Amino acid sequence: MRLERFRGRDMASVYRDVCLTLGDDAMIAHSRVVRDGRQTFIEVVAVDAREVARFRKQLTPAAAPVFAPVGVRRDRPYVVALVGPTGGGKTLTAQKLATHNAAFGASRAGLLALDPDRSGTFERLVRFADAHDLDVEVVHDQKSIRTAQRRLAACDVIIVDTPGCAPRSPRAAWRAMLREIKPDETHLVFPATTRFDLATHIREDARSLGVSHALLTKIDEVPNDANLAMIASALSLPARWITDGQLAGTDLRSAAPMIINAFDVAPDEQVVFA
Ligand SMILES: Nc1nc2c(ncn2[C@@H]2O[C@H](COP(=O)(O)OP(=O)(O)OP(=O)(O)O)[C@@H](O)[C@H]2O)c(=O)[nH]1
Ligand SMILES: [Mg+2]
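Treat the numbers as computed from the prediction; the structure is a model and nothing was measured.

**Remarks on the site of ligand 1**
Moving on, step 1. Contacts to ligand 1 come from 17 residues, most closely from K90, L92, D220, E221 and T243.
Moving on, step 2. Note that an oxygen atom of ligand 1 is positioned 2.9 Å from one of the backbone N or O atoms of G87.
Moving on, step 3. A majority-of-atoms criterion places ligand 1 in the largest pocket.
Moving on, step 4. Looking at the shell around ligand 1 residue by residue, the classes come out as one nonpolar, nine polar and seven charged.

**Some thoughts on helix α9 (residues 225–235)**
Moving on, step 1. Of all 11 residues making up α9, nine are buried, and the element is well covered by its neighbours.
Moving on, step 2. Among all positions of α9, only A226, L228, A229, M230, I231, A232, S233, A234 and L235 are buried.

**Focus: the pairing of strand β5 (residues 109–114)**
Moving on, step 1. By the criterion of burial, β5 is predominantly enclosed, with six of the six residues buried.
Moving on, step 2. By the alternation rule, side chains of β5 split into A109, L111 and A113 and G110, L112 and L114, which are all buried.
Moving on, step 3. Bridge count between β5 and strand β7 (residues 157–161): five bridges; the pairing is parallel. Paired with A113 across the strands is D161, a residue of β7.
Moving on, step 4. Relative to strand β6 (residues 135–139), β5 is paired through five bridges, and the arrangement is parallel. From the neighbouring strand, L111 faces β6, where its bridge partner is V136.
Moving on, step 5. Following the backbone out of β5, through helix α5 (residues 123–131) and into the adjacent parallel β6, one traces a crossover that is right-handed.

**Some remarks on the environment of A94**
Moving on, step 1. Residue placement: A94 occurs in helix α3 (residues 90–99).
Moving on, step 2. Owing to a relative accessible area of 0%, A94 belongs among the buried residues under this scheme.
Moving on, step 3. Sequence separation between A94 and A113 is 19 residues, and the spatial gap between their C-alpha atoms is 9.6 Å.
Moving on, step 4. When residues no more than four places from it in sequence are discounted, the contact partners of A94 are L82, L111, L125, I159 and D161.

**Observations regarding the confidence of the model for the protein**
Moving on, step 1. Confidence along the protein averages 82 in pLDDT terms, with 85% of residues attaining 70 or more.
Moving on, step 2. Predicted confidence in the protein is weakest over strand β12 (residues 271–273), with a mean pLDDT of 34, and strongest over β6, with 97.
Moving on, step 3. Across residues 61–66 the pLDDT falls below 50, and counting only partners more than four positions away or on other chains, this stretch makes 12 contacts in the model.
Moving on, step 4. Low pLDDT (under 50) marks residues 265–274, which in the prediction has 28 contacts with non-local residues, meaning those over four places away or in another chain.

**Concerning the environment of G84**
Moving on, step 1. With respect to the helices, strands and loops of the structure, G84 is situated in the loop between β4 (78–83) and α3.
Moving on, step 2. In this structure, the C-alpha to C-alpha distance between G84 and V211, residues 127 residues apart in sequence, is 9.6 Å.
Moving on, step 3. In contact with G84, other than residues within four places in its own chain, are K90, P163, G164, C165, L188 and V189.

**Side note on the side chain of T186**
Moving on, step 1. Assignment of secondary structure puts T186 in strand β8 (residues 185–191).
Moving on, step 2. Beyond its immediate chain neighbours, meaning those up to four positions away, T186 contacts A81, V83, L209, G210, V211, S212 and H213.

**Quick word on the layout of surface pockets**
Moving on, step 1. A volume near 410 Å³ is recorded for the largest pocket.
Moving on, step 2. Ranked by residues supplied to the lining of the largest pocket, first place goes to α3 with five residues.

Parameters at a glance
- Residues numbered from 1 in each chain as written.
- Chains lettered and ligands numbered in written order.
- Predicted model: local features only at pLDDT ≥ 70, side-chain atom pairs only at ≥ 80, totals over all residues.
- Heavy atoms only, no water.
- Near = heavy atom within 4 Å.
- Polar contact = N/O pair within 3.5 Å; in protein donor to acceptor, adjacent residues only side chain to side chain.
- 1 Å grid on protein atoms, 1.4 Å probe; cavity = no way out; pocket = protein on both sides within 12 Å on 5 of 7 lines; lining within 4 Å.
- Sits in = over half its atoms within 2 Å of the grid points.
- Nonpolar A, V, L, I, M, F, W, Y, C, P; charged D, E, K, R; others polar.
- Buried < 20%, exposed > 50% of the residue type's maximum accessible area, 1.4 Å probe, protein only.
- Helix = DSSP H or I, 4+ residues; strand = E, 2+ residues; numbered from the N terminus.
- Pairing = 2+ DSSP bridges.
- Right-handed = clockwise from strand over helix to strand, strands pointing away.
- Contact = heavy atoms within 4.5 Å.
- pLDDT = per-residue confidence, 0-100.
- Points joined across faces, edges and corners; volume = space filled by probe spheres on them.

And the structure:
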């Protein structure tokens, strides 16, 4: 979804520009008063209303935690992979998805971690899996993937956790491992605390990983909904879940109501100093 930024001396003139460019029913995602030295001006970020409508349609059906008709056995587990920037919440979200009712209900979930660097960062995940009686595999190279998949074959769903992905290290070995796994869904795990203008950049990088969904984390850490709405629109990907806390057992929710609500209350006034 294309976000456009408008600036002017007063709200009336900025709004006129918005309507001329995006039409009368343009939606204002964000507005603020900017003080630059002695000058004060109004800045508005707006979106074409038709684009918002399209975006909402994309959100609502995708939000239902449906991955296969209940009770129908697939010939192989459904695979959901989590990728995204370092420290974004992938591992904690993997734990939540494996255990939270809002994710896969009573289905049997298994965990698969890709760790070609033998970083040991997935020990927490393994301890969590052991404590919750979940199947877990940590693979260090491509040739071990098949074996891990065989061991997890009795699961209904496999959640794949990956190392933090910095946009400038595209050749990381786990990317080839992920391609080999061919996930059914790949969620870009993206903290809502990130500046929204980085979202498009990170999404571009994630495109090569075949990202199909956005999964916004750390919603509990953002003071208002404007950034959430803007990140969601900048990523412009279907979303099933969001996370809003550090407790694996509780802090996972359906994305659609949160994000739609964020759009509805997004326009907020704030004063910043340029
Ligand atoms: N407040 C809050 N903290 C979260 C949320 N999700 C994750 N965190 C915290 O964010 C930090 C990083 O979480 P991880 O799950 O380790 O992130 P990661 O993406 O796996 O990190 P790397 O594997 O190092 O890239 C931890 O302190 C988590 O508790 C959330 O929804 N809300
Ligand atoms: Mg991790």
